[in-house]
Amino acid sequence: MKKVLVLGSGAREVAITRSVSQSSIKNTIFCISKDINPQISNLCEDYHVCDVNDVASVVSYCKKKEIDLVIVGPENPLAGGAVNALEQAGISCVGPKKEVAMIETSKSFARMIIDLCCPEKNPQRKEFVSIEGVKSFMEALEGKYVIKFDGLMGGKGVRVSGEHLKNISEGLNYANEIIEDGGKFLIEEKLVGEEFSLMSFVDGKTCKHMPAIQDHKRAFEGDKGPNTGGMGTYSFENHSLPFLTEENILEAQKTNELVAKQLLKHTGLPYVGVLYGGFMLTKDGIKVIEYNARFGDPEAMNVLSILKSDFLSICISLVEGKLEEEEVLFDELATVCKYVVPLGYPDNPTKGFEVFCDQNDSSLFLASVMFKNKKLIACGSRTAAVVGKNRDIQKAEAFAEQGVSNISGKLFHRKDIGTKDLIGLRVKRMKELLS
């Protein structure tokens, strides 16, 4: 009997918990998070409420419950060294130690690692801790630039010229905001093309890849509004995307493999867990936008909904360094994931209101909610996600849209995610760019 603890309580962690519960390997599930997610709680032996970033409390609880395996959901515990402390206590973890998790927690570290193994995947860039030289570099990039806070900002620390920043003056204002908060930042050339995510299971030596997915970061339909943690995602039944070739997929997979090897070479520590490559197909080939050191959210819901192989068996192979022996297979189904989020999200979200939905629906993934006085209450971040899956992506999208319409509260969502029109527009845009 394996005692498995899931760290975190969002929709991603619901997907992880369900996948563990469906394993043929006998297990009991535990969870630590600051709010009780009822969908996770229903699958748990015990649910411990505390701050997931309180490493000492996490380790103490895991020792007390004699946990065999911890699966880390969010990025902040990785940055805080939770895996280092747990493994020091003899507890295996699906998630990298903080020294290798820097591939997500420090954008400058990530760019340096990419420079060492596949420099052609990096855009032009410079790192800054003061305003000196910022304006001249923006001008050198002809005003086409991206400002990235060099740290964790929950997917909201990136500002793009021509979208979030109307002119160089606004760019300088954002740079000054970061400097005043004592932060550092990168200015990178603005890449033009289509984004996609490709995640890989990694045991330090071997990578086994997941289907390619396209996320939608912008809050409103037509890719307008501020960046968010992700409003939804889709994937195709052939595990590629309609604007990608087989060579593009292989190139992204190879990049993840090179980065995993370089992390081991540079830090001396194996990367164990899920390595998430955020890529963009441009007229100059594939470029890296960013790396994450864990399952994406929403991407986890797409891939785990169609995983044919035993998830817990994969996790055990990861920590034992035996991933090469493990078969990792996915159903040939398209998926569409749509998030409902509070009115005002992400800048000024409504919170504290009741959410009505069928919590027993297996296509529903509750996220930033808590159970209070027998009511489901929204906490202010993304509230819930619905996943549709079918060989036909349009049927998968219709299912997800219907599922979202069954959730009520002070909420909104993007109706265009996974639709024929939006996907067609992106394919057309990519064809024009490549021609």
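The paragraphs below set out a description of the structure included in this document. The structure presented is a predicted model; accordingly, all values stated were derived computationally and were not measured. (Residues numbered from 1 in each chain as written. Predicted model: local features only at pLDDT ≥ 70, side-chain atom pairs only at ≥ 80, totals over all residues. Heavy atoms only, no water.)

**Things to note about helix 3 (residues 55-64)**
At 3.6 residues per turn, the α-helix brings residues three or four places apart onto the same side.
Then, number 1: Those residues of helix 3 not exposed but buried are Val55, Val58, Val59, Tyr61 and Cys62. Here the buried residues of helix 3 occupy an arc of 165° about the axis, which is enough to place them on one side. Among the exposed residues of helix 3, those oriented more than 90 degrees off its buried face are Ala56, Lys63 and Lys64.
Then, number 2: Residues of helix 3 that are buried in the fold lie against strand 1 (2-7), strand 2 (27-33), strand 3 (46-49), strand 4 (69-72) and helix 5 (82-88).
Then, number 3: Just downstream of helix 3 lies Glu66, where phi reads positive at about 55°. (Buried < 20%, exposed > 50% of the residue type's maximum accessible area, 1.4 Å probe, protein only. Helix = DSSP H or I, 4+ residues; strand = E, 2+ residues; numbered from the N terminus. Arc of directions from axis to C-beta. Contact = heavy atoms within 4.5 Å.)

**Some words on the pattern of salt bridges**
Then, number 1: If you walk through the whole model with that rule in mind, you get 25 salt bridges.
Then, number 2: Here Arg218 makes a salt bridge to Glu163, at a shortest N to O gap of 2.6 Å. Of this pair, Arg218 sits in strand 13 (residues 218-220) while Glu163 sits in the loop between strand 8 (158-160) and helix 9 (168-180); the two residues are 55 residues apart in sequence, bridging distant segments of the chain.
Then, number 3: According to the relative accessible area criterion, Arg218 is buried, its value standing at 13%.
Then, number 4: The closest approach of N and O atoms between Glu401 and Lys338, which form a salt bridge, is 2.7 Å. With Glu401 in helix 13 (residues 393-405) and Lys338 in strand 18 (residues 334-342), the pair connects residues that are 63 residues apart, well separated along the chain.
Then, number 5: The buried category is assigned to Lys338, whose relative accessible area is 1%.
Then, number 6: Through salt bridges with shared partners, a single network forms among Asp223, Arg414, Asp416 and Arg426. (Salt bridge = Lys/Arg side-chain N within 4 Å of Asp/Glu carboxyl O.)

**Looking at the nonpolar core**
One broad trend across soluble globular proteins is that nonpolar side chains are buried collectively.
Then, number 1: Grouped together as the largest cluster of nonpolar side chains are 109 residues, with contacts concentrated most on Ile103, Phe201, Phe295 and Phe311.
Then, number 2: With sequence-adjacent residues up to four places away left out, Phe295 is seen in contact with Arg12, Ile16, Met199, Phe201, Met210, Val274, Ala300, Val303, Leu304 and Phe311.
Then, number 3: Counting 14 residues, the second-largest nonpolar core is a separate cluster that includes Val134, Phe137, Leu165 and Tyr174. (Core = buried A, V, L, I, M, F, W, Y, C linked by side-chain atoms within 4.5 Å.)

**Let's talk about the packing of aromatic side chains**
Then, number 1: Across all of its chains, the model carries eight aromatic pairs by this definition.
Then, number 2: On the basis of an interplanar angle of 45° and a centroid distance of 6.3 Å, the ring pair of Phe128 and Phe137 is categorised as tilted.
Then, number 3: Residue Phe137 is classed as buried on the basis of its relative accessible area, which comes to 8%.
Then, number 4: On the basis of an interplanar angle of 20° and a centroid distance of 5.6 Å, the ring pair of Phe128 and Phe185 is categorised as stacked. With Phe128 in strand 6 (residues 125-128) and Phe185 in strand 9 (residues 185-189), this pair connects stretches of sequence that are 57 residues apart.
Then, number 5: In this structure Phe128 comes out as buried when scored by relative accessible area, which is 8%.
Then, number 6: For Phe185, a relative accessible area of 1% translates into the label buried.
Then, number 7: An aromatic cluster is defined as three or more aromatic residues linked by ring pairs; in this entry it consists of Phe128, Phe137 and Phe185.
Then, number 8: A cation over a ring is seen here: Arg159 above Tyr174, with NZ or CZ 4.1 Å from the ring centre. (Phe/Tyr/Trp six-rings, centres within 6.5 Å; stacked < 30°, edge-to-face > 60°. Lys NZ or Arg CZ within 6 Å of the ring centre and 35° of its normal.)

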